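Listed below are the residues making up each chain.
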Amino acid sequence: MIWLGVAIVIGTFWLIYKNYEARLVLFLSGMLMTLIGFTIGGSSVGFPQAIDAFVKQFVNPGLVPTYTTVMGFGYVMSYTKCADHLVNALVRPLSKVPLLVIPGAVIITWFLNIVLPSAVGIAAAVGVLLIPALIALKVRPVMAAAAVFLGTWGSVASPGLMFNPQVADIAFKAGEIDAPDAMIVIMAEFFPALAGAVLAAIALAVLAKMMKEGVGSQLEAQTQVQEAEELKVNYFYALVPILPLFLLVIASKQVGWLPSNIFTVPCCMLIGTGVGLLIALANKLKGGEVSKRFCRGCGDAFCEVALLIAAAAVFASGMKSIGLTDALVDAMKGSQSIAMASAVVGPWLMAIVCGSGNAAALAFNEVITPHAADFGMTVVQLGAVAQVAAGLGRTVSPVAGGVIVIASIAGVNPIDICKRTFIPVCIALAVFTVGMYMF
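Quick caveat, the model's predicted, so the values are computed rather than measured.

Asker: What am I meant to see in the overall build of the protein here?
Answerer: Within the protein, the secondary structure is distributed over 20 helices and zero strands. Relative to the globule expectation of 22 Å for 439 residues, the C-alpha radius of gyration of the protein, 22 Å, shows essentially globular dimensions. In terms of its C-alpha atoms, the protein occupies a principal-axis envelope of roughly 70 × 50 × 40 Å. Burial analysis of the protein (439 residues in total) assigns 56% to the buried set. Each charge sign in the protein was given a centre, from 23 positive and 21 negative side chains, and these centres are 9 Å apart.

Asker: Whenever I open this one, the packing of aromatic side chains confuses me. Can you help?
Answerer: Evaluation of the coordinates by the stated rule reveals 10 aromatic pairs. Ring geometry for Trp110 and Trp153: centres 5.6 Å apart, planes at 70°, overall edge-to-face. Of this pair, Trp110 sits in helix H6 (residues 101-115) while Trp153 sits in the loop between helix H8 (141-149) and helix H9 (163-173), and the two are 43 residues apart along the sequence. Of the two residues, Trp110 and Trp153, neither departs from the other in class, the shared state being buried. Chaining the aromatic ring pairs together yields one cluster made of Trp110, Phe111, Trp153, Phe190 and Phe191.

Asker: Is there a simple way to explain the environment of Ile368 in this structure?
Answerer: Here Ile368 lies in the loop between helix H17 (358-367) and helix H18 (379-394). Residue classification places Ile368 among the buried positions, given a relative accessible area of 3%. Placed 226 residues apart in sequence, Ile368 and Val142 show a C-alpha to C-alpha distance of 39 Å.

Asker: Before we go on, may I ask you to explain H8 in this structure?
Answerer: Owing to its 3.6 residues per turn, the α-helix aligns residues three or four sequence positions apart on the same side. Where burial is concerned, most of H8 is hidden: nine out of the nine residues are buried. Listed in full, the buried residues belonging to H8 are Pro141, Val142, Met143, Ala144, Ala145, Ala146, Ala147, Val148 and Phe149. Where H8 is buried, its residues meet H6, helix H7 (119-136), helix H10 (182-210), H18, helix H19 (401-410) and helix H20 (414-438).

Asker: Can you walk me through the nonpolar core in this structure?
Answerer: When a protein is soluble and globular, its nonpolar side chains tend to lie buried together. In terms of nonpolar packing, the biggest core is built from 150 residues, with Phe13, Ile131, Trp153, Leu382 and Ile417 touching the most fellow members. Considering each element in turn, this core owes the most residues, 14 residues, to helix H14 (residues 287-322). Those residues in contact with Leu382 that sit more than four places away from it in its chain are Ala339, Ala343, Phe364, Ile368, Thr369, Ala372, Phe375, Met377 and Tyr437. Listed in part, the five residues of the second largest apolar core include Ala50, Phe54, Ala310 and Val314.

Asker: Would you take a moment to explain unusual backbone geometry for this structure?
Answerer: Negative phi characterises most residues that are not glycine, and trans characterises most peptide bonds. Even without being a glycine, Lys81 presents a positive backbone phi close to 70°. Structurally, Lys81 is set in the loop between helix H4 (64-79) and helix H5 (82-91). Here Lys138, not a glycine, exhibits a phi torsion of approximately 65°, which is positive. Residue placement: Lys138 occurs in the loop between H7 and H8.

Asker: How should the environment of Ile404 be read in this particular structure?
Answerer: Secondary-structure assignment places Ile404 in helix H19. Under the relative-accessibility criterion, Ile404 is labelled partly exposed at 45%. In this structure Ile404 touches Pro398 and Val399, once residues within four positions along its chain are discounted.

Asker: What am I meant to see in the packing of H18 against H20 here?
Answerer: In helix packing, the relevant descriptors are the interaxial angle and the interaxial distance, both defined with respect to the helix axes. Contact geometry for H18 and H20: axes closest at 10 Å, N-to-C directions at 175°. The angle between the axes of H18 and H20 places the two elements in the roughly antiparallel class. On H20, the residues touching Val380, Gln381, Leu382, Ala384, Val385, Val388, Ala389 and Leu392 of H18 are Val425, Ala428, Leu429, Phe432, Thr433, Met436 and Tyr437. Across the contact of H18 with H20, the residue classes tally to 13 nonpolar, two polar and no charged.

Asker: Quick question: what am I supposed to make of a nonpolar patch on the surface here?
Answerer: A surface patch of nonpolar side chains, amounting to about 520 Å² of accessible area, comprises Val198, Leu199, Ile202, Val206, Met210 and Met211. As for its position among the elements, Ile202 is in helix H10. Judged by relative accessible area, which is 44%, Ile202 ranks as partly exposed.

Asker: Quick question: what am I supposed to make of the confidence of the model for the protein here?
Answerer: One rule of thumb: low pLDDT means the predicted coordinates there are not for detailed reading. Per-residue pLDDT for the protein averages 88, and the proportion of residues at 70 or more is 97%. By mean pLDDT, helix H15 (residues 324-333) is the weakest element of the protein at 78, and H10 is the strongest at 96.

Asker: Explain the pattern of salt bridges here, please?
Answerer: Opposite charge on two side chains allows them to pair when their charged atoms are near. Throughout the structure, instances matching the rule amount to eight salt bridges. Between Glu21 and Arg23 there is a salt bridge whose closest N-O contact spans 2.8 Å.

Asker: Any chance you could explain the side chain of Asn88 here in plain terms?
Answerer: Summarising the element assignment, Asn88 is placed in helix H5. At 2.8 Å, the side chain of Asn88 and the backbone oxygen of Asp84 are in polar contact.

Asker: Teacher, can you tell me more about the packing of helix H2 (residues 22-39) against H14 here?
Answerer: At their nearest, the axes of H2 and H14 sit 7 Å apart, and the two run at 20° to each other. Our classification of the angle between H2 and H14 gives roughly parallel. The crossing of H2 and H14 is left-handed. Grouping the amino acids of the contact of H2 with H14 by side-chain chemistry returns 16 nonpolar, seven polar and two charged.

Asker: Even after reading the chapter, I still don't get the side chain of Asn365, so can you show me in this structure?
Answerer: Along the chain, the position of Asn365 falls in helix H17. Among the polar contacts listed, one links the side chain of Asn365 to the side chain of Gln166, at a separation of 3.2 Å. Polar side-chain contacts of Asn365 include one of 2.7 Å to the side chain of Thr369. Ignoring any residue separated from it by four or fewer positions in sequence, one finds Asn365 in contact with Phe163, Gln166, Val167, Ile170, Pro370, Gly383 and Ala386.

Definitions and limits used
Residues numbered from 1 in each chain as written. Predicted model: local features only at pLDDT ≥ 70, side-chain atom pairs only at ≥ 80, totals over all residues. Heavy atoms only, no water. Helix = DSSP H or I, 4+ residues; strand = E, 2+ residues; numbered from the N terminus. Rg over C-alpha atoms; globule rule 2.2 N^0.38 Å. Buried < 20%, exposed > 50% of the residue type's maximum accessible area, 1.4 Å probe, protein only. Lys, Arg positive; Asp, Glu negative; His and termini not counted. Charge placed at Lys NZ, Arg CZ, Asp CG, Glu CD. Phe/Tyr/Trp six-rings, centres within 6.5 Å; stacked < 30°, edge-to-face > 60°. Contact = heavy atoms within 4.5 Å. Core = buried A, V, L, I, M, F, W, Y, C linked by side-chain atoms within 4.5 Å. Axes fitted to C-alpha atoms, helices over the stretch in contact; angles between N-to-C directions. Parallel < 35°, antiparallel > 145°, perpendicular 65-115°, else oblique. Nonpolar A, V, L, I, M, F, W, Y, C, P; charged D, E, K, R; others polar. Patch = residues over 30% accessible without salt bridge, like charges linked within 9 Å, V, L, I, M, F, W, Y side chains within 5 Å. Areas by Shrake-Rupley, 256 points an atom, 1.4 Å probe, with all protein chains shown as cover. Salt bridge = Lys/Arg side-chain N within 4 Å of Asp/Glu carboxyl O. pLDDT = per-residue confidence, 0-100. Polar contact = N/O pair within 3.5 Å; in protein donor to acceptor, adjacent residues only side chain to side chain. Left-handed = near helix turned anticlockwise from the far one by under 90°.

Below you can see the structure in the form of C-alpha cells.
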C-alpha cells in the first residue's frame, strides 16, 4: 500500500504540474488514498476523518481571519491608490544612485511583497514602474525584468502568506510556542531571509556587470514597455500600506510595545482598512466601494487559500490512512539530514515545475512538519524552510504567474529572465537554510 501511496502522490503532483486544478486534484487524491487505506488496509482513518479535516480548515481561527483580512486590506490599498504612492516613493530615488539600481530594485520589490503579499500583484504593481525606470537608465530589458522578479519572494515574511499562520498553528499545537501567532514565525525567519535577499541582489548585480546588462549597457531602449502613470507622491498615503505591519512588529512579543493579544493580524488589518476608508472619503471616493473591495478581497482569499489548505488537509489525511505518513516519518527519523534536505528540495523543485509551491509546501507542512521534534528540529525551523524553499523555487519558474506578467511588461522571454535569477536564488536558498538550521 505504501508504494501505491507513493504512486498516487507522484501522480498528484504530475497533474498539478500539468495545470489541473490543484484543489480538486489534492482533494480527490486524498479521498482515493483514504478509500484504499480504509477498505484494504483496515486503517482507522476513513472518510469521516478526511471530511472533518477538510471542514476544520474553514473555521480555523488561527488561519482564516489572518489571510482573509490581509487580502481585503490589500484590495483597499489598491483602490485608494495608497499602494501606488508607496511604490512610487520607493522607486524614484533609485535613478539617483546608478550603482544601487539593480540590487535596489530587488530589495524594494522584496520589501513591498511583504506589505502586499501577492507575487503576481506585486510583479504588476512594481514592474510597471521599475522596469521602464531601469530601461531608461539603459539597463537591458531582460535584466530589468530579472531584478523585479528576483524580489517577488518577499511575501515569505508576510503575516498574510498562508504558510506563516499555518506553521504557527502547528507549533502551537505541538506546545512549541504559547500562541498561534504568525509573527513568532516571521521574526524567526526574517533575518535569514533578509540576508538571503541581500546576497541574491548583490549576486544579480555582479551578473549584470559580467554580462554587460547593467546601467548604461545599451545606447537606447530596445523594447516598448508599458509607461508608468505619473503620480505626485503623497507620503502620508505611502505610509498607510505599511501601517498594519508596523503595528504587528511593535506588538510582537519580541518588541512588546503594544499588547499582542489585542493587536492581532486581523485587528491591525482592520485598522489599516479604516485609515484607507478615511483616505477614500477625503478623495471623494465612495465608502461603500471600499467596503465592497475589502469584502471581495476576503472572499477571494477564502476561495484561493482556505480551499487549498482544506484540500491539502484531505491529502494529508489520505497519506496517513494509506500508511505513507508513518513510513516517511520513520525514514526521516533514521537521518536528520534527510528531513532537512527534504524540506528544501521537495517544495523547491515542485515550485519550479508548477510555477507555485503552495501545494507541495502545504502538504509537507501538514504531513511532516508536525513531527519536527522527532528529527531534532523545531516546527518553526522545518516549516519555515519548506515555505521559503517553495517561494524561491517559484522565483526561477518560467511558468510562474509573476514572471509572465513581468515578461509581458519588458517584452522579453520568461525563460531568459529565469536564467538570470537561478544563481541568485540558489545563493538565497543556501543562506536562508543555513541561517535557519544552524543558528
